[in-house]
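# A look at the structure
Take a look at the letters that make up each chain.
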Amino acid sequence: MDPVSPPQDVSTIYFDGLSSRRRVVKLAFAGALEISEDGVAPVLWAYDDIRQADSPEGLLRVNCLSALPLARLDIRDASIASEMKSRCTRLGENRSDSRAVGKIVGWSMAAIVSIVLVVLFAIPYAADRLAPLVPEAFERRVGEAFEVQIKALFGSRVCNSPAGQAAYAKLLHRLREAADLDGDVDSTVLATTDKQANAFALPGGKVYLLGGLLTKAENPDEIAGVLAHELGHLKHRDSMRGLIYNGGSSFLIGLLFGDITGSSALIFTSRQLVTASYSREAEQNADTVTIDVMHRLGRSPKPMGELLYRVTGKEGDKSLSILAGHPLTEDRLQRMSKEDRPPSSPPLLSATEWTALKRICDGAAQTKK
Ligand SMILES: [Zn+2]
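Residues numbered from 1 in each chain as written. Predicted model: local features only at pLDDT ≥ 70, side-chain atom pairs only at ≥ 80, totals over all residues. Heavy atoms only, no water.

### Observations concerning the side chain of arginine 237
Going by this rule: To qualify as a helix, a DSSP run of H or I must reach at least 4 residues; to qualify as a strand, a run of E must reach at least 2; elements of each kind are numbered from the N terminus. The rule is simple: take the accessible area with a 1.4 Å probe, protein chains only, and divide by the maximum for that residue type; under 20% is buried, over 50% is exposed, in between is partly exposed. Contacts are residue-level and defined by heavy atoms, with any inter-residue pair within 4.5 Å sufficient.
Tracing the backbone through its elements, the reader meets arginine 237 in the loop between α6 (220-235) and α7 (238-256). The exposure class of arginine 237 is buried, given its relative accessible area of 18%. Those residues within four positions of arginine 237 in sequence are excluded, and the remaining contacts are Ala131, Pro132, Val134, Pro135, Glu136 and Glu139.

### Observations regarding the pattern of salt bridges
Put simply, the rule reads: Salt bridge, as applied in this entry: a Lys or Arg side-chain nitrogen positioned within 4 Å of an Asp or Glu carboxyl oxygen.
Enumeration over the complete set of coordinates arrives at 14 salt bridges. Residues arginine 61 and aspartate 74 are paired through a salt bridge, measuring 2.8 Å at the closest nitrogen-oxygen approach. Placement of the pair is arginine 61 in strand β6 (residues 60-64) and aspartate 74 in strand β7 (residues 72-75), with a sequence separation of 13 residues. The exposure class assigned to arginine 61 is buried, which follows from its relative accessible area of 18%. Residue classification places aspartate 74 among the buried positions, given a relative accessible area of 8%. By sharing partners, the salt bridges in this structure join Asp16, Arg21, Arg23 and Glu37 into a single network.

### Examining the pairing of strand β2 (residues 23-29)
Put simply, the rule reads: Paired strands, as defined in this entry, are two strands with at least two bridges between them according to DSSP.
Among the seven residues in β2, five count as buried, and that is most of the element. Where strand β1 (residues 12-15) and β2 come together, three bridges link them in antiparallel fashion. From the neighbouring strand, threonine 12 faces β2, where its bridge partner is valine 25. Of the pairings in the sheet, the one linking β2 to strand β3 (residues 33-36) comprises four bridges and is antiparallel in character. Residue pairing for β3: lysine 26 is matched across the bridge by serine 36. Connecting β2 to the antiparallel partner β3 that follows it, the hairpin turn spans three residues.

Below, the structure is given as structure tokens:
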């Protein structure tokens, strides 16, 4: 390759890295960059070793990996600068100056912000749209997978005294018909401590009523209202939506904190399903189902509000999590009270059936109270 000598009307300054002397040099683009000063034997810089450094506007400042660390060239001439840029293909690499660090920090922040945005907006959006599209057979299998975990969580004590089961099945059947729910409902009462007063729905038509809630209930309408609320979650496929939502969020949160195994994500998701932390909107919609169902059965939704109020107390004790994440029980009781109507139908269970339901856990191994 022939040396090319570009016009040198704007001086190019070279610092050799040993002294602070500014040297006006000429550059020649040969097999390597030739830096020459008044006929002195030229300094050669391999093009691949040349890197750009931070510089003021209108100036190309470069140094060379194989030269002394402080050696540098300041190029003012635009045509020389562009010739440099075309020959030194690795000019922009390995820049560790403050601007590059700033860029890395900037991009990391951007990544975190975008993950947060995805968690806040994209996942709920996707969950809302995906949940109704999940085939029922798949949803059922997901529910079965969770069922194993749920039963393990509560010690697998299924309440099934025959008379209690019969009363429970009768109550559920009436609620299901009034809720106009397609698909099967598979509901189980689990023996728990009195403190575990909860009920929740899982994907695939599974509803769990915990013995603690049954213990606190004073009449069939209270339990009916709670079950109707859970049927509302099933009807709106809230648990599938919650699963996509929480699964997606915890996957991304895991990604942020370096846990990509997803194992903690799954545990987190199971907990979320149990505490049933749906959105306030989902809760209100499920409450609407309770109101509709109870009215359709000629009964009042108010007893459900009273039961929840009894469980959580004023303002709600968050540790009794039936309703952590649910609307304030006072607000709910108020809403249910507004919808209160004198019963126009006989009780959903006879006194005998109600007593049997209250005792459904009697045969199951009791946990310490
Ligand atoms: Zn709920």
